[in-house]
Amino acid sequence: MGHTTAHTQASPDAQATEHEQQRFDAIIAADQRIEPRDWMPEQYRSSLIRQISQHAHSEIIGMQPEANWISRAPSLKRKAILIAKVQDEAGHGLYLYSAAQTLGITREEMTQKLIDGKARYSSIFNYHTPTWADIGAIGWLVDGAAICNQVPLCRASYGPYGRAMVRICKEESFHQRQGFEILYELAHGTAEQKQLAQDAVDRWYWPSLMMFGPSDDASPNSARSMAWKIKRFSNDELRQRFVGMCVPQFEALGLECPDKDLRFDEATGTWISGPLDWDEFRAVLDGRGPANTERLEHRRTAHEDGAWVREAAAEYARKQRRGERVAA
Ligand code: 3HC
């Protein structure tokens, strides 16, 4: 083999990739969107699959702590609202699985990883909901934190993800308001009801701050995700923004913030939290949270119990494709 041009000229493949990389970089720099048919670096694709599938799983697992209260919600109206909310979460999971599928992974692969315990989902859903007030606290704090984290994702550089987030955020706003309203009613009821609300907020406040992820110095994915304009703000920036939003809302509810070290920093005009219990966060991520085992077990059972529905739907679709008559 001669050594003529091999060392001095890039191969046609490498040239094509370089050109594609430049085009990708230009789209990101111009704040435009990458679409499924566009070339993208492999790491961008895999990081998106990672984040979007985790997000989808969170929506689906997140149905469990709230579904726990559907049959016991205190009135018909409350039941109807809660059913609608839990259905919304299923819909969010579907939008997100669909967005992830455009990156070349199947829904089956993602589901299998989840039920095998090999996929992450948000730490927050590994806590229990012992009282009705917990449903209020989830709506106010958990959905509130989700909105704070997810509104910037509406501008994510990957088109299908950003567009899914727009719909999700609109619906999450209703969820947050219904949670606030449940807590407001309880906080303005009897002393016992007010205590229920306070206890629930005490249970959910710190875990909801952990939803934003590890602190910036312990977040391996942030810098790259921000350079790719998937994430627009760091974990700590969003967490701090959320804390600031909660302060006047605690006052409106007439409830106490469980963070006794919370202070207002005059210099920056922001609220600064006391220390978070990162050992607890790591334990939950490692599968040792209060409800990790039962959440996965429930999801696995639901998947197995639903096998006949998936088979029937697939058969129905096959028959329709072949033009066979399908009984109504
Ligand atoms: N729970 C579980 N895992 C978490 C976590 C949390 N609260 N926070 C971080 N992690 C994981 C990350 O996924 C990552 O693990 P991996 O490398 O194995 O994927 C690791 O901890 C290190 O964290 P990083 O900060 O480096 O990771 P990211 O840059 O991806 O940031 C994130 C984490 C802020 C959660 C980001 O992925 C994100 O914004 N995701 C989209 C939003 C989302 O998933 N929200 C779920 C909330 S629940 C929800 O939306 C349901 C609604 O109904 C309330």
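Residues numbered from 1 in each chain as written. Predicted model: local features only at pLDDT ≥ 70, side-chain atom pairs only at ≥ 80, totals over all residues. Heavy atoms only, no water.

Per an unreviewed UniProt entry, the protein chain carries the name Phenylacetate-CoA oxygenase and comes from Leucobacter komagatae.

Visitor: When you look at the packing of aromatic side chains in this model, what are you seeing that I'm missing?
Guide: To describe a pair of aromatic rings, you give the distance between the ring centres and the angle between the ring planes. Applying the stated rule across the entire model yields 13 aromatic pairs. When the ring of Y44 is compared with that of W228, the centres are 5.5 Å apart and the planes differ by 85°; the resulting orientation is edge-to-face. Remark: W228 occurs in the loop between helix 9 (222-227) and helix 10 (235-253) and Y44 occurs in helix 2 (residues 42-61); sequence separation between them is 184 residues. These aromatic residues form a ring-pair network of at least three members: W140, F180, Y184, Y205, W206 and F250. Between R72 and the ring centre of W69, over which it is positioned, the NZ or CZ distance is 4.0 Å. When the ring centre of F233 is taken as reference, the NZ or CZ atom of R241 above it lies at 4.4 Å. (Phe/Tyr/Trp six-rings, centres within 6.5 Å; stacked < 30°, edge-to-face > 60°. Helix = DSSP H or I, 4+ residues; strand = E, 2+ residues; numbered from the N terminus. Lys NZ or Arg CZ within 6 Å of the ring centre and 35° of its normal.)

Visitor: Sorry, what's going on with the layout of surface pockets here?
Guide: By rolling a water-sized probe across the atoms, one finds the places where empty space is left. Approximately 1000 Å³ is the volume attributed to the largest pocket. Q54, S122, M211, F212 and G213 are the residues nearest the centre of the largest pocket, which is lined by 43 residues in total. Sorting the residues of the lining of the largest pocket by element identifies helix 2, helix 6 (132-150), helix 7 (159-187), helix 10 and helix 11 (278-285) as the ones contributing at least two each. Per-element accounting of the lining of the largest pocket gives the leading share, seven residues, to helix 6. The residue inventory of the lining of the largest pocket, partitioned by class, reads 20 nonpolar, 14 polar and nine charged. Along its surface, the second largest pocket is lined by 16 residues, and R107, T111, R299, H303 and R310 are the ones closest to its centre. Taken together, the elements giving at least two residues each to the lining of the second largest pocket come down to helix 3 (63-67), helix 4 (76-101), helix 5 (107-115) and helix 12 (292-305). (1 Å grid on protein atoms, 1.4 Å probe; cavity = no way out; pocket = protein on both sides within 12 Å on 5 of 7 lines; lining within 4 Å. Points joined across faces, edges and corners; volume = space filled by probe spheres on them. Nonpolar A, V, L, I, M, F, W, Y, C, P; charged D, E, K, R; others polar.)

Visitor: How do you make sense of the site of the ligand when you look at a structure like this?
Guide: Within the structure, the ligand sits among 33 residues, and Q54, E89, Q150, S219 and K231 are positioned closest to it. Take K231: an N or O atom from its side chain is 2.6 Å from an oxygen atom of the ligand. Protein contact buries 90% of the 1000 Å² of open area that the ligand shows by itself. Among the detected pockets, the ligand sits in the largest pocket. (Near = heavy atom within 4 Å. Polar contact = N/O pair within 3.5 Å; in protein donor to acceptor, adjacent residues only side chain to side chain. Areas by Shrake-Rupley, 256 points an atom, 1.4 Å probe, with all protein chains shown as cover. Sits in = over half its atoms within 2 Å of the grid points.)

Visitor: Teacher, can you tell me more about unusual backbone geometry here?
Guide: Excluding glycine, residues mostly have negative phi values, and the peptide bonds linking residues are mostly trans. With phi around 60°, D31 is a residue other than glycine that occupies positive phi space. Mapped onto the elements, D31 comes out in the loop between helix 1 (12-29) and helix 2. Of note in this structure, K229 is not a glycine but carries a positive phi near 60°. As for its position among the elements, K229 is in the loop between helix 9 and helix 10.

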